[in-house]
Each structure stands twice: as structure tokens, then as C-alpha cells.
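Report on the structure
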Amino acid sequence: MFESLIGLVAIIALFVIIARQQSRIGLIERELGALRSLVLSGAPVAPPQHKPVEPAANDSKPANAAAATVADTASSPKDKAAPKRLAKAKIGEIESGPWTTGKTAPAGSAPAEPAAATAKAAQKPDIETALGTRWAVWVGGIALALGGLFLIRYTIEAGIFGPGVRLSMAALLGLVLVGGGEFIRRTGFRLPVQGAAGAYIPAILTAAGAFILFGTVYAAHGIYGFIGPALAFTLLGAIGVATIAAALVHGQALAGIGLLGAMVTPMLIASEAPNPWALFGYLAIVLAATGVIARMRDWTFLMAAAFVGTGIWVVLFMTDAPGANLPVILFIDAVTLAVLAFVWLGRRGGETEPDRGFDWPSIAPGFFVGLSALALFVDPAYAAASGALAGAALIAALVAVALYRPRALALLHAAGLVTVLVYLGIIPPTSVAADFSGGAVGVDGQPALISDPLMLRIGIGLGLVFIGAGFWAARRFAVTAWVRSASWAAWGVVAPLVILLALWFTFGNLDRDLVYAAAAALLVAGFASGGEWIARGEEPPLQGGAAVSFALGGAAVAGLLMLHMAFGSGLTTILLGAAAVVPALATRWRAYPVLGWISVGAVIAVLARIAFDPTIVGAQFLSTTPVFNWLLPGYGVPALAFGFAAWQLARTTDGRPRLAMEAAAALFALLTIAMLVRHAMHGGVIDTGMVTLAEQAIYTLIALGAGAILVAIDMRSPSSVLRYGSIVAGVVSVAFIVIQHFLALNPLFTDESTGRIPVFDLLFLAYLLPAVAAGGLALYIRDKRPKWYAAMLAVVAAVLAFAYATLSVRRLFKGEFIGLWSGLGQLETYTYSALWLVIGVALLTAGVRLKSQALRIASAALISIAVLKVFVFDMSELEGVLRALSFIGLGAVLIGIGLFYQRLLTRAAKETT
């Protein structure tokens, strides 16, 4: 009873508000008539002295419509038919719908300016406007809908009427509301209330009526069983479509209500023998009707909602249907694409398809049609029913529609993504399984049901589709829409490459397969030719934009696959390095920016291969012959090729790729030397299980080399990343030396074998080469990096040289193993003293010539150590002539150093005077 009273009060309040608004509309129309008379008479209009008017009256009629009418009248004051047109407009010319904005005013109409100013003043919102218009209308509409349902509920509980009478009363109420909305629209509301466009009363009454009619039909079928499922289905669908059609005069919100009801209708009506053709035929009609209306009013959200609703029904059918019904799925997907291509994106009049822009509603059909195509490929039930062919047809249809309607670029991305997922899923394929009733969705692996020759033929066909359509569209949009052009070119190379790779893994020989290598070679030629063809269509031509970059990058990847398929691991690594020369040479004829980066890509590919197998051909096939083995061409040829590519790029493009190629050349030169030394020192064994000093020495050399390379690149192309990166590389290399070379892996403490070959032994690799590298780096960065950094490297280089000399003396006396526990001999002890003094003098000389204080301090420290050793250790351990020679040599050296410093100071004094 209380709910019914609320509904009755809401209805009475709604009609009171409507009557009040009608009186205010009449007042404004009389004022507009007087204003029109003044304009027609040509009399000057003085600024009006208005009396205070209620704020709500300002919202009774939109001022822009008044301005349009005044401007239209003023533009033709001599037209005899003008009074008749004005009278017709005043009586009730219908301009329905909340989208009407008064666009009839001709440009340049002077009287429209004061009217526009009045409109701005009338648009100021206040509390009374919000409560009296927008909130009252919306609450009133909701109250009407609920009131109708509450009234039916009351009659049921009270038993006043029978079920038939109740349903008839509800249907009558719904029809009255719909009729009332149409009556008010035709007689009282040409436009929505100014300042309350979202409170369009006719639309809200129509929506409330449609809501009650939906509920009535469903109750007649689902609760009382008065009508069967076929009639209920038809009535509910008709109400939904009619509601969508009524949106042409009532706005998009009403269309959304009708679409929601139409999409929910099949779920409300249960049938013992469901007919999928009836279901999807009905959905096709709803989708087409929605597309027509959405296209007429350009309602993007409505169209996207229709596509989403249809797609959800397709997913539900494919997951819950007992059998694979391919024709039904293909039918609804074809209808979806047809509505998108010919209805929603159809041309109007003589307009042409825009080359720019993106259609957001096309994301929904791209997603759902692509999802159904994916299910046809990978689900065992559909795969067994030749669903792969149907899935390929859907992918081709997506590409065709995207090509026909350029704004539907989302379809291209959907087609490409589905193709990639399908062919990556061949090993192993997957099955999409879902249980919506339990709320669980999962992907389960299945046996290889689709790894058959059919997938081979489909892959070839889809690859040709993507190549042909992709390159044609890329050239077509190369000038007007570079993003679209790049997208087509990208999928034109990505999809065929993924298909080729997947088919090779599934059907080919992974060791060596010349057939698939030939296919990859064809892709190289096709992609390169396509890139050149696209470049010639650019404006100006041959600029090498994004689309050309994708095409040539795809050619480079196809070439990489060709080498892997046609050659063994050793030749593949060597040829990959040599391939970096090809794009560098191509810059002589084409200045495409991507060419230099393709050379850099070859460097990355070679680095990946040697990281996977540093022995180039495998440890079991690597010869034990020093130097002349697979390591020399495997590392040396790429180093030479990278150097030549850097030289060529410096002569043509001279950009960042050239710097990267210089860095790669230097790095591979260091790696070549280091790996050959390691190979010789370990008897042909490169990759041992535990870290040794030789391996650590290689890491140290790489770190020092990287520091030098970064400094060189930074000097040519300054960058804070390169500057600080070079310092970090140097600090890391010094940390390696201190922790690993001097302490953890020192052969004095580990008794590790230093190698059987004299001179080119472990000491040469672990101490002398790092000393030379650190010293050279310190000399190179003296004026390019902070002084502390150069001094640190100089000191480390001196200490490494000292360690090499000392340990070499130890090896000379002890042989291959130089552990401390083997003791010291007298001659060996004396040799250390003499050697340290010689090194100290050498460091002093170098420090003076190079003006390096760090080297002079290191010399002083080393000579001090030698002095302490002679006076403390040699005096107690040496005997006879060796003890005398030790002291004599020390004294001679110290006197010589004193004379050297005196001469140095005397020369400095003469230069200052």
C-alpha cells in the first residue's frame, strides 16, 4: 500500500511540474513573438528593462533556438512568407530529440549576438533548476516504472484481479507511458529543457513504458505461462527493437535500454529444444537495426555495446553448445563484420574513406571474431570438424574488412594476434575450455591434433594474405597515415615469420633444412623488395619511414632464420657476423635509418649465439690446436666485419649505429684474443664447470675493454649514460682484479696450473694483459675522466705488472705450479729484490715522462718494499755473495735515484728562472 502511494504521489508531482513548465513556455513564446515583430519592422531595439523573473523560467526554452529563429527572420526582412513561417514554428513545428542544437542560424546574422549573450546568461545552473527539472524528471520516471510494478504486486497480494487483468493493466500502463511521452514530445517539447539536457521528459516516459512492457511480457511467459516461448521471444524482441528505433527521436539513452532488453531476451526465454539459427538470426536483426540507428545518429557507445553483446552470446554458445555448429558461428561472425563494414562504417553520399582516424567500436568485433577464430583452430571439437579452415577464413575476413575500411585497424591487429597465437600454439596446441556456470575459465594443453599437413597449407595461405595485404596497404597509407602504414607493414612481416618458424619447428629438420631455408630466402627477397616499393611511395620518396623499417627489419630476421636453417652452428655464427656488412654497404645507395640498426641487430644475434655456445661449434667438435681452430674465425671474422661496417657507416650515415658498430668491433677483438689465450692455456677446453683465474681474466679484460669503448663513444657522441657507465665499468674491473686476481684465485694461494707453454701462460692472461689494458685505459682517459679514476687505473696497472713479474720469476724457479708451500730458494729470493728495484726504477721513469704522480708514488712504494726486504729478509736468509750483491745493488739503485731527482730539480729551477 505504501509503495503504491509513493507511485501515485510521484505521478501527480510529475504532471504538476509539466503543467508549470507549459505555462512558462507560453510566456517565453509571447516574448519571442514581440521580439520578432520588432526585428521585422526594422526599428532599433533598445536594451530591455526586464523585471525579475524566476530562475526556473530561464530553462523553459533553449536560448540558442531563439537566437536561431531571430537570425533567420532578420536575414530576410522583405520575404512576404516570413510571417507564415514564424506562425508555423510557433504553433508546433517539430524538432524532436535531445541532440537538436539549433544549427539553422546563417553565418553572419547580427541579431544573433545579443540572443547568444542572453543564452549564456540563461545557462547558469542553480539549485531550483536542478531540483525542478533534472532530478524531478529522473526520479519521476523511475517512480513511474516502479509504481507500475508495485501496482501489479499489490493486486497479486490482495487478490483483487486475476492474472490476465493484472497483466493487461500493466501492459496498458506501459503503452500509456509510451503514448504520453510521444504526446508530450509532439505538443509541448520540441527540445530538451535548457540547462537540463539529460532530463528529456518524453524519453524518460518512453523508457519507463518500455521497462514495464518488458516486465509484463516476461511475467506472462515465465510466471503465469499464458504465452509460449516463441511468442514471448518475438514480443520481447519486438519491444527491444522498437525501443531502439524510438531512440531516433528520444536519444541514445533510450536506445541503450532497448538494446539491453533485446540482448537479455534470449536468456529470459527458456526452450526445451533451442534453435541456434533462431537465436543468432534474432541477434543479427538486432545488431543490424542497432547499426542503422547508431550510424544515423553517430552513436559510438551504442554501436560498441551492440558488438559486445553479440560477441558475448557467441562465446556463450561456443563454450556451452553440445556440438560444433560451424555454420552458425560463421553466420553470426559474417553478420558482425558486414554490419561493421557496410552499416556502421559505410560511406554517406559522396564522402571518401578517411585515411586518418581510428574507430573504437571496431575493437569489439575484432576481439570476439578473433576469439572465435582462435577457438576454431585450437579446440579439439572444432579442430576435428575442420574448424581450422573456418578459422583461417575468419582471419582472412578480418584482414579484408580492415583493408576495405581503414578506420577498423583493430581488425588487423586481431587477425595478426590470432595468427601468431595459433602458430605458436602448434607446439603444443591448446584448448580453450570454460565453465561459466561455475565461474571458472581455463586453458588446458591437448595432444597435437592440428599438427597435420592442413596447417601447413593454411599457414602458407595466411602468410601470403598478410604479405600481400600488408605491403599494399603500407604503400597506400605511407604518405597520409604513417601509423596505419607501419601497422600494416609490421603484421605483413611478423605473421609470416611466426608461421615459418612454427612450421619449421613442427614439420622441418631442426639441424639443417634446405627447403625451409629456401622459403626464408624468398621472404628475405620479398620483404626487401616490399620495403623498397613502399619507400618509392613515400612523399618525398625513399625516406625510409616506419613502414620501410618494419619491412627491412623483417628481411633481416628472415635472413637470420635462413642462416640457421641452412648451415651448421659454426658457419651460422661466422655468416651472421659477416652479414652486418650488407646493410652497411646498402647505405651507399639508400640513406634509410634502419639499415645501420640492422647491422647492430647482427651484433646482438652473434652475441646471443656465443653466449649460448662460446665454443662456436660445440665443445666436442672444437680442435685442441692453439690459435688455428674455430675460435679464430668465430670471433675474428665478426670483429673484422663489425669494424668494416663501422667504417662504412662513418662514411655514409654517421649516426649512433656507427658508434655501436665501433664498440662491437673493439669488444670482439678483445674477445678473440682472450678466447684464444684461454683455449691455449686449457688445452682446448673453454667452458669448464668452475670459475678459474683464466676465465676471470677474460671477464676482467671485457670489463676494461667495455670501459674504453664507452669512453670512445662518449667522446664522439656525449652522453651522461656513457660517461658514468664507463666509470662503473672501470670500477667493476678494478674490483675483479683486487678480489679475484690478487686474493681468491691467485695461483700462489690456489696452486692452480699456470700452463705448460712459457710466456703465453696463465700469468700472461691474468696479469700482464690486464696490466696493459688498465695502463692504456688510464693513459687514454687522463684528460677525459676525473683524476682519481685515472690514478686508480694507473696504480692497478702498476700493481698488476709487479704481480706478473714477481709470479713469472716464481714460475721460472718452480715450474707449472707456484704455490707458496713449495718454499723459497736463495737465488729466487735475490732475484725478487733485483726485479723489484728494476720495476721501481721503470715506474719512476714512466711517471716522470708521463707526468704521472700516481706512478711516481707507486715507484716510491715499491722501492721502499725492496729496501725493507733487503734489510729484513735478505740479511737473514741470503748467504755469501748473494747477500753482498743484494746490498750492493740496493745501494747503487738508491744513489742513482738520488742523482736522478737532483738533476730533475736542477732542471726545474733553471726553467723557472
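Residues numbered from 1 in each chain as written. Predicted model: local features only at pLDDT ≥ 70, side-chain atom pairs only at ≥ 80, totals over all residues. Heavy atoms only, no water.

With respect to the overall build of the protein
Here is the rule: The secondary structure listing takes helices from DSSP runs of H or I that are at least 4 residues long and strands from runs of E that are at least 2 residues long, numbered from the N terminus. Using a 1.4 Å probe on the protein chains alone, a residue whose accessible area is under 20% of its type maximum counts as buried, one over 50% counts as exposed, and one in between counts as partly exposed. Residues are treated as being in contact if the distance between any of their heavy atoms lies within 4.5 Å. Method for areas: the Shrake-Rupley scheme with a 1.4 Å probe, in which residue coverage is limited to the protein chains shown.
Scanning the protein from N- to C-terminus turns up 33 helices and 2 strands. Buried residues in the protein amount to 46% of all 913 residues. Within the protein, contacts between residues separated by at least 24 positions form 74% of all contacts whose residues are at least 6 apart in sequence. Total accessible area on the protein stands at roughly 43,600 Å², and carbon and sulfur atoms take up 70% of it.

Examining the packing of helix α10 (residues 276-297) against helix α11 (residues 300-320)
Applied cut-off: Fitted lines through C-alpha atoms serve as axes, helices being fitted only where they are in contact, and the angles separating the N-to-C directions of these axes extend from 0 to 180 degrees. Each angle gets one of four labels, with under 35 degrees taken as roughly parallel, over 145 as roughly antiparallel, 65 to 115 as roughly perpendicular, and the rest as oblique. Should the near helix be turned anticlockwise from the far one by less than a right angle, the crossing is left-handed, and should it be turned clockwise, the crossing is right-handed.
Here α10 crosses α11 at 170°, and the two axes come no closer than 9 Å. Comparing their axes, α11 and α10 come out roughly antiparallel. Between α10 and α11 the crossing geometry is left-handed. Together, Pro-276, Leu-279, Phe-280, Leu-283, Leu-287, Thr-290, Gly-291 and Ala-294 of α10 and Leu-302, Met-303, Ala-306, Phe-307, Thr-310, Trp-313, Val-314 and Phe-317 of α11 make up the contact between the two elements.

Some remarks on the nonpolar core
The test is simple: By nonpolar core we mean a set of buried residues, namely Ala, Val, Leu, Ile, Met, Phe, Trp, Tyr and Cys, connected to one another through side-chain atoms within 4.5 Å.
In this structure, Phe-377, Tyr-423 and Trp-488 are the most contacted members of the largest nonpolar core, which totals 103 residues. When sequence neighbours within four positions are dropped, the list of residues in contact with Trp-488 reads Val-399, Ala-402, Leu-403, Leu-409, Leu-412, Ala-469, Gly-470, Ala-473, Ala-474 and Phe-477. By size, the runner-up hydrophobic cluster in this structure holds 66 residues, among which are Leu-649, Val-677, Leu-701 and Ala-778.

Digging into the packing of α11 against helix α13 (residues 363-378)
Note the threshold: Amino acid classes used here: Ala, Val, Leu, Ile, Met, Phe, Trp, Tyr, Cys and Pro are nonpolar; Asp, Glu, Lys and Arg are charged; the rest, including Gly, are polar.
At a minimum axis separation of 8 Å, α11 and α13 run at an interaxial angle of 15°. Judged by the angle between their axes, α11 and α13 are roughly parallel. In this structure, α11 crosses over α13, and the sense of that crossing is left-handed. Listed contacts from α13 to Ala-304, Phe-307, Val-308, Gly-311, Ile-312, Val-314, Val-315 and Met-318 of α11 are Ala-364, Pro-365, Phe-368, Leu-371, Ser-372, Ala-375 and Leu-376. Partitioning the contact of α11 with α13 into residue classes produces 13 nonpolar, 2 polar and no charged.

What about the confidence of the model for the protein?
For clarity, the threshold we go by: pLDDT gives the predictor's per-residue confidence on a scale running from 0 to 100.
Looking at the protein as a whole, the pLDDT averages 74, with 61% of positions reaching at least 70. Confidence over residues 48-136 falls short of pLDDT 50; this stretch has 109 contacts with residues more than four positions distant or in other chains.

Structural notes on the side chain of Thr-672
Formally: Between N or O atoms, a polar contact is any pair within 3.5 Å; within protein, one atom must be a potential hydrogen donor and the other a potential acceptor, and residues adjacent in sequence are included only when both atoms are from side chains.
Looking at where Thr-672 falls in the secondary structure, it is placed in helix α25 (residues 656-681). With a relative accessible area of 10%, Thr-672 lands in the buried category. One polar contact links the side chain of Thr-672 to the main-chain carbonyl oxygen of Tyr-635, over a distance of 3.2 Å. The contact partners of Thr-672, leaving out residues within four places of it in the chain, are Leu-632, Tyr-635 and Gly-636.

Points about the packing of aromatic side chains
Which entries qualify depends on this criterion: A pair of Phe, Tyr and Trp rings is counted when the ring centres sit within 6.5 Å of each other, with Trp represented by its six-membered ring. The angle between the planes then sorts it: under 30 degrees is stacked, over 60 is edge-to-face, the rest tilted. We count a charge as sitting over a ring when the NZ of a lysine or the CZ of an arginine lies within 6 Å of the ring centre and within 35 degrees of the ring normal.
Under the definition given, this model contains 10 aromatic pairs. Between Phe-342 and Tyr-404 the ring centres are 5.8 Å apart and the planes differ by 50°, which places this aromatic pair in the tilted class. Separated by 62 residues along the polypeptide, Phe-342 in helix α12 (residues 326-344) and Tyr-404 in helix α15 (residues 387-404) bring together distant segments of the chain. The exposure class of Tyr-404 is partly exposed, given its relative accessible area of 38%. Ring geometry for Phe-358 against Trp-360: centres 4.7 Å apart, planes inclined by 70°, an arrangement best described as edge-to-face. The ring of Phe-477 is capped by Arg-484, whose NZ or CZ atom sits 5.5 Å from the centre of that ring. Sitting over the face of the ring of Tyr-780, Lys-784 holds its NZ or CZ atom 4.4 Å from the ring centroid.

Remarks on the pattern of salt bridges
Close approach of charged atoms allows side chains of opposite charge to pair. The cut-off we apply is this: Here a salt bridge means any side-chain nitrogen of Lys or Arg lying within 4 Å of a carboxyl oxygen belonging to Asp or Glu.
Counting across every chain of the model gives 6 salt bridges. A salt bridge links Asp-359 to Arg-407; its shortest N-O distance comes to 3.9 Å. Here the residue Asp-359 occupies a position in the loop between α12 and α13, and Arg-407 occupies one in the loop between α15 and α16 (409-424), the gap between them amounting to 48 residues. Residue class for Arg-407 comes out partly exposed when judged on its relative accessible area of 26%. Salt bridges sharing partners connect three or more residues here, namely Glu-532, Arg-536 and Arg-590.

Focus on the environment of Ile-616
Within the secondary structure layout, Ile-616 lies in the loop between α23 (593-612) and α24 (631-651). Overall, the relative accessible area of 1% leaves Ile-616 in the buried class. Taking the C-alpha atoms as reference, Ile-616 lies 6.7 Å from Trp-630; in sequence the two are 14 residues apart. With sequence-adjacent residues up to four places away left out, Ile-616 is seen in contact with Ser-569, Gly-570, Thr-573, Ile-610, Trp-630, Leu-631, Gly-634 and Tyr-635.

Quick notes on α10
What counts, and what does not: Any helix carries an expected span of 1.5 Å times its number of residues minus one.
Spanning 22 residues, α10 covers 31 Å between terminal C-alpha atoms, matching the ideal 32 Å at 1.5 Å per step. One or two residues past the end of α10 sits Asp-298, with phi positive at roughly 60°.

Thoughts on unusual backbone geometry
Cis geometry is found at the peptide bond from Glu-539 to Pro-540, where omega equals -5°. Within the secondary structure, Pro-540 is located in the loop between α19 (514-536) and α20 (546-566). Unlike most non-glycine residues, Asp-298 shows phi in positive territory, near 60°. For Asp-298, the location among the structural elements is in the loop between α10 and α11. Positive phi, normally seen in glycine, also occurs at Leu-542, with a value near 60°. Take Leu-542: it is sitting in the loop between α19 and α20. Its relative accessible area of 29% is what places Leu-542 among the partly exposed residues.

Side note on the side chain of Thr-572
Inspection of the secondary structure puts Thr-572 in helix α21 (residues 569-579). From its side chain, Thr-572 meets the backbone oxygen of Leu-563 in a polar contact 3.3 Å long. In this structure, Thr-572 is in contact with Leu-563, His-564, Phe-567 and Arg-609, ignoring residues within four places of it in sequence.

Some thoughts on α12
With 19 residues, α12 should cover 27 Å at 1.5 Å per step; its first-to-last C-alpha distance of 26 Å lies within 8% of that length. Those residues of α12 lying buried are Leu-326, Val-328, Ile-329, Ile-332, Asp-333, Val-335, Thr-336, Leu-337, Val-339, Leu-340, Ala-341 and Trp-344.

Observations concerning a nonpolar patch on the surface
Heads up, the rule is: Patch rule: a residue counts if its relative accessible area is over 30% and it has no salt bridge; like charges are joined within 9 Å, and nonpolar side chains (Val, Leu, Ile, Met, Phe, Trp, Tyr) within 5 Å.
A cluster of nonpolar side chains, namely Val-738, Ile-739, Leu-743, Phe-749, Leu-820 and Trp-821, defines an oily patch on the protein surface of about 640 Å² accessible area. If you tally residues by element for the nonpolar patch, the top one is helix α27 (residues 720-744), at 3 residues. Considering the arrangement of structural elements, one finds Ile-739 in helix α27.

Here we look at the environment of Val-399
Examined against the element boundaries, Val-399 turns out to sit in helix α15. Among the residues examined, Val-399 registers a relative accessible area of 2% and is labelled buried.

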